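Structure assessment
So you can see what is in the structure, the chains are spelled out below.
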Amino acid sequence: MQKSGDEMHKEILIENIDKIHTTEMGVGRIQKNLEIIEEPVSYCISKLKQENSEVVKKGKNYYVNVDDCIITINSSSFTIITAHKVK
């Protein structure tokens, strides 16, 4: 059975999980937006790994939709740009 584009995008992120990171400014932005105190890269990776996470690619970014939040990851650098709660 052929995989959908969304499943392939999720696989690509999982295969490159060691490359996923954020900037110093991104740390504070993600913690503030998601209202978390945890280290944000580990938090976002754990969300990505969840069975119910969905990944779509639009332009140069991946968007991980899971548990009422959307995590934006650059597709070439694997930088977590931002994350927001879905309103």
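Before reading further, recall that the structure is shown in the block above.
Residues numbered from 1 in each chain as written. Predicted model: local features only at pLDDT ≥ 70, side-chain atom pairs only at ≥ 80, totals over all residues. Heavy atoms only, no water.

This brings us to the packing of helix H2 (residues 24-34) against helix H3 (residues 40-49). Running from amino to carboxyl end, H2 crosses H3 at an angle of 55 degrees, the nearest separation of the two axes being 9 Å. In terms of axis orientation, H2 runs oblique to H3. Contact with H2, carried on its side by Val 27, Ile 30, Gln 31 and Leu 34, involves Pro 40, Tyr 43 and Cys 44 of H3 and no other residues of that element. Classifying every residue of the contact of H2 with H3 by side-chain character gives 6 nonpolar, 1 polar and no charged. (Axes fitted to C-alpha atoms, helices over the stretch in contact; angles between N-to-C directions. Helix = DSSP H or I, 4+ residues; strand = E, 2+ residues; numbered from the N terminus. Parallel < 35°, antiparallel > 145°, perpendicular 65-115°, else oblique. Contact = heavy atoms within 4.5 Å. Nonpolar A, V, L, I, M, F, W, Y, C, P; charged D, E, K, R; others polar.)

Our next topic: the nonpolar core. One finds Leu 13, Ile 20, Val 64, Ile 71 and Ile 80 to be the most contacted residues of the largest nonpolar core, which totals 21 residues. Residues in contact with Ile 71, not counting those within four places in the same chain, are Cys 44, Lys 47, Tyr 62, Tyr 63, Val 64, Ile 80, Thr 82 and Ala 83. (Core = buried A, V, L, I, M, F, W, Y, C linked by side-chain atoms within 4.5 Å. Buried < 20%, exposed > 50% of the residue type's maximum accessible area, 1.4 Å probe, protein only.)

We now examine the packing of aromatic side chains. Scanning the model with the defined rule gives 0 aromatic pairs in all. In this arrangement the basic side chain of Lys 58 is found over the ring face of Tyr 63, its NZ or CZ atom lying 5.7 Å from the centre. (Phe/Tyr/Trp six-rings, centres within 6.5 Å; stacked < 30°, edge-to-face > 60°. Lys NZ or Arg CZ within 6 Å of the ring centre and 35° of its normal.)

The 4 strands are arranged S1-S2-S3-S4 in an open sheet whose pairing can be described as antiparallel. Where the open sheet ends on each side, the last strands, each with one partner, are strand S1 (54-58) and strand S4 (80-85). Each neighbouring strand pair of the sheet contributes to a mean axis angle of 20 degrees, computed without reference to strand direction. With 6 bridges connecting them, strand S2 (residues 61-66) and strand S3 (residues 69-74) associate as antiparallel partners. (Pairing = 2+ DSSP bridges.)

With that settled, consider the side chain of Asn 33. Tracing the sequence through the fold places Asn 33 in helix H2. At 3.4 Å, the side chain of Asn 33 forms a polar contact with the side chain of His 84. Every residue in contact with Asn 33, bar those within four places of it in the chain, is listed here: Thr 82, Ala 83, His 84 and Lys 85. (Polar contact = N/O pair within 3.5 Å; in protein donor to acceptor, adjacent residues only side chain to side chain.)

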